[in-house]
Structures are given as C-alpha cells and as structure tokens.
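# Structural overview for review
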Amino acid sequence: MTVRILSVLAMCLFVSTAPAQMTNSFPLWPDGAPGALGNQPKGIPTLTVFLPDTTNACAAMIVCAGGAYGHLADHEGSLYAKWLNAHGIAAFVLKYRLG
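Residues numbered from 1 in each chain as written. Predicted model: local features only at pLDDT ≥ 70, side-chain atom pairs only at ≥ 80, totals over all residues. Heavy atoms only, no water.

## Some points on the overall build of the chain
Test applied: A run of H or I in DSSP becomes a helix once it reaches four residues, and a run of E becomes a strand once it reaches two; helices and strands are each numbered from the N terminus. Only protein chains enter the calculation, and the probe is 1.4 Å; a residue is then buried if its accessible area is under 20% of its type maximum, exposed if over 50%, and partly exposed in between. Any two residues having at least one pair of non-hydrogen atoms within 4.5 Å are treated as being in contact. Calculation of accessible area relied on Shrake-Rupley with a 1.4 Å probe; when residues are assessed, cover is drawn exclusively from the protein chains displayed.
Looking only at helices and strands, the chain features 2 helices and 4 strands. Start at the N end of the chain and walk to the C end: the helices and strands fall as α-β-β-β-α-β. Looking at the 99 residues of the chain, the share that counts as buried comes to 29%. Considering only residue pairs separated by 6 or more positions, the chain has 75% of its internal contacts joining residues 24 or more positions apart. Surface exposure of the chain reaches about 6600 Å², of which carbon and sulfur atoms provide 63%.

## Side note on the nonpolar core
The condition is simple: As used in this record, nonpolar core signifies buried Ala, Val, Leu, Ile, Met, Phe, Trp, Tyr and Cys residues forming a set joined through side-chain atoms within 4.5 Å.
Of all hydrophobic cores here, the largest spans 7 residues; its members are Phe50, Val63, Ala81, Leu84, Ile89, Ala91 and Val93. Residue contributions to this core peak at 3 residues, all from strand S4 (residues 89-95). Ignoring sequence-local partners within four residues, the contact set of leucine 84 consists of Met61, Val63, Ile89 and Ala91.

## Quick look at the environment of serine 25
The cut-off we apply is this: The term polar contact refers here to a pair of N or O atoms within 3.5 Å; inside protein, the definition further demands a hydrogen-donor-capable atom paired with an acceptor-capable atom, and it admits residues adjacent in sequence only when both atoms are side-chain atoms.
Summarising the element assignment, serine 25 is placed in strand S1 (residues 21-27). Excluding residues within four positions of it along the chain, serine 25 makes contact with Thr46, Leu47 and Thr48. One polar contact links serine 25 to threonine 48, side chain to side chain, over a distance of 3.1 Å.

## Thoughts on the side chain of threonine 46
By the element assignment, threonine 46 lies in strand S2 (residues 46-51). When near neighbours in sequence (up to four residues on either side) are disregarded, threonine 46 contacts Ser25, Phe26, Pro27, Leu28, Val93, Leu94 and Lys95.

## Concerning the pairing of S4
Worth spelling out the cut-off: Pairs of strands are assigned from DSSP output, requiring at least two bridges between the strands.
Pairing between S2 and S4: 5 bridges, direction antiparallel. From the neighbouring strand, threonine 46 faces S4, where its bridge partner is lysine 95. The sheet contact formed by strand S3 (residues 59-64) and S4 spans 6 bridges and is parallel. Bridged to isoleucine 62 within S4 is phenylalanine 92.

## What about the confidence of the model for the chain?
Here is the rule: As a per-residue measure, pLDDT tells how confident the predictor is, with possible values from 0 to 100.
In this model, the chain carries an average pLDDT of 75, and 74% of its residues clear a pLDDT of 70 or more. At the level of individual helices and strands, the chain shows its lowest average pLDDT in helix H1 (residues 2-13), which scores 40, and its highest in S3, which scores 93. In the predicted structure, residues 1-22 sits below a pLDDT of 50 and forms 22 contacts with residues beyond four places in sequence or in another chain.

## With respect to a nonpolar patch on the surface
So the rule is basically this: Think of a patch as exposed residues, more than 30% relative accessible area, with no salt bridge, where like charges cluster within 9 Å and nonpolar side chains (Val, Leu, Ile, Met, Phe, Trp, Tyr) cluster within 5 Å. By definition here, a salt bridge exists when the distance from a side-chain nitrogen of Lys or Arg to a carboxyl oxygen of Asp or Glu is within 4 Å.
A surface patch of nonpolar side chains, amounting to about 260 Å² of accessible area, comprises Phe26, Leu28 and Trp29. Structurally, tryptophan 29 is set in the loop between S1 and S2. In this structure tryptophan 29 comes out as partly exposed when scored by relative accessible area, which is 42%.

As structure tokens, then:
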C-alpha cells in the first residue's frame, strides 16, 4: 500500500510537462465576493479551467490548492489539474480569497 501511494506521489511530481493548457480564469463573483474587505487580487476568488486535449473527457474535478488561507500553493493547483488532464479529466482550480 505504501509503495502504491509513493508511486502516485512520484508520478504527480513529474506531470508538469503534460500537454494540458490553462484555457480560462474568471472571478466567482463578478461584482465582488460577499464580505470582501477590498478589491485586491488576493481577495478575489477565481476559478481556472483546465481542459484535457481529448474531446471525450469523462469527468470533472474541482482542485483546491493548499495554503490554509494564509497563502496559496499555486503549484499544487495547476500541477494536479495537468495530471488530471493527462488522464482525460477536466479540472477547475479554485483560487480562494486571502483578504
């Protein structure tokens, strides 16, 4: 079991060369997020769409990167989205607000 988990983690580290491309990013609330204290980029939650190259994608997943609301681990969101794309899965990376 441990070998399987380590294999999956190692594979995730090397998928940054996957052919998937970021296609779209948009704010979740065009008029500002509820309770937002300003309009700085860190306070604007967005969703970025990563679509697989194949036209027969069979699933979709929302990816929430780590950071515990203190910072965003951007590399986690796009890395996992590209890995999912390589397997025919559409991914939507959520950038949550920090401010």
